[in-house]
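# Fold and contact review
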Amino acid sequence: MNSRRAFISFLAASPLYAGLGFLGRAFAQTPVSNGDGLIARAGDALDVFDFEPVAHRNIPPAHWGYLVSGVDGEDTLKANRAAYSRYQLQARRMIDVSKIDLSVELFGEKFNSPIILCPLGAQRAFHPEGEIAVAKAAKARGHLQILSTVTSTGVEDVIAARGAPVWFQLYTTSKFEVTTKLVKRAEAAGCPVVAVTVDLPAGRNIETALRLARTDTRTCTACHAPTGSPFTSRPMFSQIDASGLQTTSSSLTWDFIKRLRDVTRMKILIKGLESAQDAELAVANGADGIIVSNHGGRATDTGRGTLECLPEIATAVRGRVPVILDGGVRRGTDVLKALALGATAVGIGRPYIWGLGAYGQPGVDRVLELLDNELTLAMVGVGARNLREITRASIIRPA
Ligand SMILES: Cc1cc2nc3c(=O)[nH]c(=O)nc-3n(C[C@H](O)[C@H](O)[C@H](O)COP(=O)(O)O)c2cc1C
């Protein structure tokens, strides 16, 4: 081990790595396992995948099933990842790439990176500090966090930990008065944007989650109230009478944007679109932005990855509103490909939960650091010094 460390220190000090300080740090923190082949601390991770087996070890089977599950045979889950390998980067040389700027502006607010922490429900199911740990990591790295309706921590506490507003994700229900209360609470807490998730109108078949839940015999009061629905027992419903509430809203139509506009000044995003037609309708009906998403392969099992949907949506939107993409993003090169195909910013879901489940806040922090570092190197490789310089010409799709 000593000679290995000495060799790595030599590499890190080499002029080859001059200017790439973060690479030197990564080498200095070469993986040290506990003998089980898993990383022993967050700083040892060399890519986001290093966190997955540690999180798997730490997280109880039913919660792990909730995290990893797709729907039906999980074709869409696989398609989300597979789509990235259909594109290649167009390497460019002899461009001054000594300064790379990852920053992005969304609705007048500047973030250090275009990588967004997507809304994922009930994060205390993965680590006792849940959304608070995520908020602290987002604060440390200057990333945008979107908070789920079914967060296990109230929006006020998350914003306090983030030290800045987060965006609120809205699940609609059968009662508009409940929606109004949720939205008004988020707005009063300081959220500038609400993202309405529309891709789960009538339930879904999360087969893997159901199978793994059968193997878990614990009684889990940390994440489920002893009585009541796991949905309405969450903190955002604490002041709300949820009796008789249906948590799916299969009758939702485009006029909902107008109804929502009447009760909030927040910007309104529609999350869960996969077609040019719907993107066009969203903008025509007054949406301020779109999130191209299939809920991480957890909505309709279309078999179509979100990256495949992005070009037609970007074309339909014509830059009128921001277009955010999520689904299967695991590498900085994935982020670059999505930006090149027209995304304004890119969301990650499971990778930061791997970091959270493995090591709490330091794990989320390291996931963001790794992806930012990888994106920086990808931008260097295609000669793009800022996000505006990432264009369709930065990538190739071989015939
Ligand atoms: C365990 C889990 C819980 C999720 N909860 C929500 C949620 O509460 N609201 C929502 O809009 N999307 C939710 N999503 C979808 C994510 O916001 C995002 O679209 C997806 O995770 C991105 O794909 P990725 O996990 O492959 O990165 C959830 C996804 C997972 C895996």
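Attention here is on the structure that accompanies the text. (Residues numbered from 1 in each chain as written. Predicted model: local features only at pLDDT ≥ 70, side-chain atom pairs only at ≥ 80, totals over all residues. Heavy atoms only, no water.)

### A word on the overall build of the protein chain
Scanning the protein chain from N- to C-terminus turns up 15 helices and 12 strands. Going through the 399 residues of the protein chain one by one, you find that 54% of them count as buried. Relative to all contacts within the protein chain whose residues are 6 or more apart in sequence, the contacts with residues 24 or more apart total 72%. Looking at the protein chain as shown, the accessible area adds up to about 17,100 Å², and 53% of this sits on carbon and sulfur atoms. (Helix = DSSP H or I, 4+ residues; strand = E, 2+ residues; numbered from the N terminus. Buried < 20%, exposed > 50% of the residue type's maximum accessible area, 1.4 Å probe, protein only. Contact = heavy atoms within 4.5 Å. Areas by Shrake-Rupley, 256 points an atom, 1.4 Å probe, with all protein chains shown as cover.)

### Looking at the site of the ligand
Contacts to the ligand come from 24 residues, most closely from P119, S148, T197, R330 and G349. One of the side-chain nitrogen or oxygen atoms of D326 is found 2.9 Å away from an oxygen atom of the ligand. G328 places a main-chain nitrogen or oxygen 2.9 Å from an oxygen atom of the ligand. Burial of the ligand by the protein chains amounts to 99% of its free accessible area of 600 Å². Mapped onto the shell around the ligand, the elements with two or more residues apiece are α4 (61–68), β6 (167–171) and α14 (350–359). A class-by-class count of the residues in the shell around the ligand yields 9 nonpolar, 10 polar and 5 charged. (Near = heavy atom within 4 Å. Polar contact = N/O pair within 3.5 Å; in protein donor to acceptor, adjacent residues only side chain to side chain. Nonpolar A, V, L, I, M, F, W, Y, C, P; charged D, E, K, R; others polar.)

### A few points about the pattern of salt bridges
Summed over all chains, the structure comprises 19 salt bridges. Measuring nitrogen to oxygen at the nearest pair gives 3.5 Å for the salt bridge that ties D36 to R57. Of the two residues, D36 sits in the loop between α2 (21–28) and α3 (52–58) while R57 sits in helix α3, which places them 21 residues apart along the sequence. Take D36: its relative accessible area is 41%, and that puts it in the partly exposed class. On the basis of relative accessibility, which here comes to 44%, the residue R57 falls in the partly exposed class. For R86, the salt bridge is made with E308, and the minimal N-O distance between the two is 2.4 Å. Highlighted residues: R86 in the loop between α5 (75–82) and β1 (88–89) and E308 in helix α12 (residues 306–317), separated in sequence by 222 residues. Residue R86 is classed as partly exposed on the basis of its relative accessible area of 35%. One salt-bridge network, held together by shared partners, links R141, D365, R366 and E369. (Salt bridge = Lys/Arg side-chain N within 4 Å of Asp/Glu carboxyl O.)

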